[in-house]
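# Working through the structure, step by step
Take a look at the letters that make up each chain.
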Amino acid sequence: MIIYVTRREHFNAAHRMYRTEWSAEKNEEIFGKCANANWHGHNYQVFVTVKGRLSYETGYLIDLKMLKTIINEHVIEKLDHRNLNLDVDFLHGKMATTELLCIEIFNQLKKPVEIHSGVFLHSVKLHETENNSVEYFGS
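Throughout what follows, the structure given in this document is the object of discussion. (Residues numbered from 1 in each chain as written. Predicted model: local features only at pLDDT ≥ 70, side-chain atom pairs only at ≥ 80, totals over all residues. Heavy atoms only, no water.)

### Observations regarding the pairing of strand β1 (residues 2–15)
Using the following cut-off: Criterion used throughout: strands pair if DSSP finds at least two bridges between them. Comment: elements are numbered from the N terminus, with helices defined as DSSP H or I runs of at least four residues and strands as E runs of at least two.
In this sheet, strand β2 (residues 40–53) lies alongside β1 in antiparallel orientation, the contact comprising 14 bridges. Looking at β2, one finds that F11 is bridged to Y44. Pairing analysis gives two bridges linking β1 to strand β3 (residues 82–83), with the strands arranged parallel. Pairing of A14 across the sheet is with N83, part of β3.

### Here we look at the sheet that holds strand β5 (residues 133–136)
Worth spelling out the cut-off: Residue contacts are defined here by distance: any two heavy atoms, one from each residue, within 4.5 Å place the two residues in contact. For helices, the fitted line uses only the C-alpha atoms of the stretch in contact; every axis is such a line through C-alpha atoms, and the angle between N-to-C directions lies from 0 to 180 degrees.
Within the open sheet, the five strands sit side by side as β3-β1-β2-β4-β5. Their pairing is mixed. Unpaired on one side and paired on the other, β3 and β5 mark the two borders of the sheet. Against the sheet, helix α2 (residues 64–79) contacts β1, β2 and β3, and its axis sits at roughly 25 degrees relative to β1. Here helix α3 (residues 98–114) sits on the sheet and contacts β1, β2, β4 (119–127) and β5; the angle it forms with β4, its principal contact strand, is near 155 degrees.

### Here's the deal with unusual backbone geometry
Generally, phi is negative for residues other than glycine and the peptide bonds are trans, each holding for most cases. Applicable threshold: Classification of residues uses two cut-offs on accessible area relative to the type maximum, computed with a 1.4 Å probe and protein chains only: under 20% is buried, over 50% is exposed, and between them is partly exposed.
A positive phi angle, close to 70 degrees, is found at W39, a residue other than glycine. Topologically, W39 is positioned in the loop between α1 (24–31) and β2. For W39, a relative accessible area of 25% translates into the label partly exposed. At H81, a residue that is not glycine, the phi angle is positive and equals roughly 60 degrees. Mapped onto the fold, H81 is located in the loop between α2 and β3. We classify H81 as exposed; its relative accessible area is 62%.

### Observations regarding the packing of aromatic side chains
We count it as follows: Centres within 6.5 Å are what make two rings of Phe, Tyr or Trp a pair, Trp counting through its six-membered ring; a difference in plane orientation under 30 degrees is then read as stacked, over 60 as edge-to-face, and the rest as tilted. Only when the NZ atom of a Lys or the CZ atom of an Arg is both within 6 Å of the ring centre and within 35 degrees of the ring normal do we say a charge sits over the ring.
Scanning the model with the defined rule gives four aromatic pairs in all. Ring plane angle 20 degrees and centroid distance 5.8 Å describe the contact between W22 and F31, whose orientation is recorded as stacked. Taking the relative accessible area as the measure of exposure, W22 reaches 26% and is therefore partly exposed. Measuring from ring centre to ring centre gives 5.1 Å for F106 and Y136, while their planes differ by 85 degrees; the resulting arrangement is edge-to-face. Of this pair, F106 sits in helix α3 while Y136 sits in strand β5, placing them 30 residues apart in sequence. As far as the burial class goes, F106 and Y136 line up, both buried. When the ring centre of W22 is taken as origin, the NZ or CZ atom of R19, which lies over that ring, is 5.7 Å away. The ring centre of W22 lies 4.5 Å from the NZ or CZ of K26, which sits over that ring.

What follows is the structure in structure tokens.
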């Protein structure tokens, strides 16, 4: 029997959508307000879902305090109150879209989650706004 457990965390970050090889006009045409030279920010919510077999000895899949620690150490501390384009090592050279951010968060969490016996990273869901979210299940 496989069980799924989800932990929600949040962070605030700024970013800008632009390509240096494009003109300001083309960036504005493609990315609109998100190409603003003065950046813009979001209050992100990230949902991390792990899966595996329930331990009848402990009664749970993973200690949620441990999952919280993993998410905070490997993701939140690197992203919270940062500029995604300038400050985040695992986004260096990548467009700071919600889609790519979600994939990279998954990549940051996979190994630290899966060192726990029988626990697997199932998905990462990232809410950029109340109306917009992305979910990634790995490749």
